[in-house]
Amino acid sequence: MSLAIIAFASLLTISLLSTPSTSSLESFIFGGCSQLKYISGSPYESNVNSLLTSLVNSATLTNYNNFTIQSPSSSQDTLYGLFQCRGDLSNGDCARCVASAVSQLGTLCIDSCGGALQLDGCFVKYDNISFLGVEDKTVVLKKCGPSIGYESDSLTRRDALLGYLGASDGSYKPYRVGGSGDIYGVAQCVQDLSANECQDCLSDAIGRLKTDCGPAASGDLFLAKCYVRFSERGAHSHGGNDNNNDDEIEKTLAILVGLIAGVALLIVFLSFLRKVCEKGKGGK
Ligand SMILES: *[C@@H]1O[C@H](CO)[C@@H](O)[C@H](O)[C@H]1NC(C)=O
Ligand SMILES: *[C@@H]1O[C@H](CO)[C@@H](O)[C@H](O)[C@H]1NC(C)=O
């Protein structure tokens, strides 16, 4: 029985310790699969596998790339794919995020001709319908936080922030971050768009977020090729600013794990003592 407890305690330790470091970048935002399915074991399947492998490998070197896998046998099997990491990620974090996205896509979109997945830190998409370089402003996900009221200073700061994120100086700025007071925001377009398309997509996203969410304290709007997110600092994992939070969680977990291990040891020790006592009694 005590062995089982030790095994359980160490399992718990492993699962608890492995979660905090992966939590924010690899947390799921949305995913979808095309309804068309390919035949398992077909050349299509091996094209999907080689495309996804290319994405994972490429993510160790760069934060955006696209691939086209031509199939010599049939044009229906030509596959297109891309990944993009949030602009502030290191190559290591980007690679980890894309690897996680690809493995999640594998379970989410089994045998699907196409799929897309957005995690907090990265986006991955593949399909046999060409979408590379195509501006697509379909709303994929919209989330509005609680209202802060039309009369508040926070709203003025929020609008200033959104104005800043949406502003164009004519240069190509696919990744934008900003903060004003306690409000923090991030916007990004997928880098297969041209500078004009990127600007158009972001302006649209920001405009829609403002009209659809009203005076919200936080909001997320993901269009097919760009997104904008804002929230109060620390309320959300927008990268970079939530490390204190993670540290706290890690500390709490460490204490918890220590407690569990302590209790397990105590139980082992007590049952050992009992055995020794019983032996002692039996010996008399
Ligand atoms: C994508 O692949 C599926 C399955 O092989 C096929 O039915 C469909 O026509 C293909 N689409 C295009 C645009 O090639
Ligand atoms: C796709 O990648 C190639 C080479 O990496 C690059 O030259 C091209 O501009 C990219 N196309 C798009 C639409 O991003």
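Above this note sits the structure.
Notes on the structure follow. This is a predicted model, so every value here is computed, not measured.

### So, helix α3 (residues 91-108)
Part 1 of the argument: In this model α3 runs 25 Å from its N-terminal to its C-terminal C-alpha over 18 residues, within 8% of the 26 Å that 1.5 Å per residue would give.
Part 2 of the argument: Within α3 the residues assigned to the buried category are C94, A95, C97, V98, S100, A101, V102 and L105.
Part 3 of the argument: In this structure, the buried residues of α3 make contact with α2 (43-58), β3 (79-85), β4 (115-119) and β5 (122-127).

### Examining unusual backbone geometry
Part 1 of the argument: Although it is not a glycine, D111 sits at a positive phi angle of roughly 60°.
Part 2 of the argument: Its location among the elements puts D111 in the loop between α3 and β4.
Part 3 of the argument: Given the relative accessible area of 22%, D111 is considered partly exposed.

### A closer look at the state of the cysteines
Part 1 of the argument: For the coordinates displayed, the defined rule picks out 6 disulfides.
Part 2 of the argument: Disulfide pairing places C33 opposite C109 at an S-S distance of 2.1 Å. Every disulfide takes its handedness from the sign of the S-S torsion; for C33 and C109 that torsion is -80°, giving left-handed. Of this pair, C33 sits in strand β1 (residues 28-33) while C109 is found in the loop between α3 and β4, placing the two residues 76 residues apart along the sequence.
Part 3 of the argument: A disulfide bridge connects C189 with C198, and the sulfur atoms are separated by 2.1 Å. Because the sign of the S-S torsion sets the handedness, a value of about -100° for the bond joining C189 and C198 places this disulfide among the left-handed ones.

### Observations concerning the packing of aromatic side chains
The relative placement of two aromatic rings is captured by the distance of their centres and the angle of their planes.
Part 1 of the argument: One pass over the full model with this rule turns up 3 aromatic pairs.
Part 2 of the argument: Here Y38 and Y44 contribute two aromatic rings whose centre-to-centre distance is 5.1 Å and whose plane-to-plane angle is 25°, an arrangement assigned as stacked.
Part 3 of the argument: Assessed through its relative accessible area of 4%, Y44 is described here as buried.
Part 4 of the argument: Three or more aromatic residues link up through ring pairs in this structure, and these residues are F30, F222 and Y227.
Part 5 of the argument: Sitting over the ring of F131, K125 keeps its end group 4.7 Å from the ring centre.

### Things to note about the pairing of strand β7 (residues 175-180)
Part 1 of the argument: Covered by surrounding structure in β7 are R176, G178 and S180 only, the residues Y175, V177 and G179 on the alternate face being uncovered.
Part 2 of the argument: One ladder, built from 6 bridges, connects β7 with strand β8 (residues 183-189); its direction is antiparallel. Directly across from G179, in β8, lies its bridge partner Y184.
Part 3 of the argument: Counting the residues in the hairpin turn of β7 and β8 gives 2 residues, including G181, whose phi is positive at 60°.

### A short note on the sheet that holds β3
Part 1 of the argument: The sheet built from 5 strands is open, its strands ordered β1-β4-β5-β3-β2 with antiparallel pairing. Two strands lie at the open edges of the sheet, namely β1 and β2 (64-69), each paired on one side alone. Ignoring strand direction, the axes of neighbouring strands in this sheet form an average angle of 5°.
Part 2 of the argument: When β4 meets β5, the two strands line up antiparallel, connected through 4 bridges. Paired with Q118 across the bridge in β5 is F123.
Part 3 of the argument: Against the sheet, α2 engages β2, β3 and β5, with an angle of about 25° to β3.

### Considerations on the site of ligand 1
Part 1 of the argument: Around ligand 1, the structure places Y44, Q76, C113, N128 and I129.
Part 2 of the argument: N128 places a side-chain nitrogen or oxygen 2.3 Å from an oxygen atom of ligand 1.
Part 3 of the argument: Surface burial for ligand 1 is 65%, taken as the share of its 360 Å² of free accessible area covered by protein chains.
Part 4 of the argument: Of the residues contributing to the shell around ligand 1, the split by class is 3 nonpolar, 2 polar and no charged.

Reading guide: rules and limits
Residues numbered from 1 in each chain as written. Chains lettered and ligands numbered in written order. Predicted model: local features only at pLDDT ≥ 70, side-chain atom pairs only at ≥ 80, totals over all residues. Heavy atoms only, no water. Helix = DSSP H or I, 4+ residues; strand = E, 2+ residues; numbered from the N terminus. Expected span 1.5 Å × (residues − 1). Buried < 20%, exposed > 50% of the residue type's maximum accessible area, 1.4 Å probe, protein only. Contact = heavy atoms within 4.5 Å. Disulfide = S-S within 2.5 Å. Phe/Tyr/Trp six-rings, centres within 6.5 Å; stacked < 30°, edge-to-face > 60°. Lys NZ or Arg CZ within 6 Å of the ring centre and 35° of its normal. Pairing = 2+ DSSP bridges. Axes fitted to C-alpha atoms, helices over the stretch in contact; angles between N-to-C directions. Near = heavy atom within 4 Å. Polar contact = N/O pair within 3.5 Å; in protein donor to acceptor, adjacent residues only side chain to side chain. Areas by Shrake-Rupley, 256 points an atom, 1.4 Å probe, with all protein chains shown as cover. Nonpolar A, V, L, I, M, F, W, Y, C, P; charged D, E, K, R; others polar.

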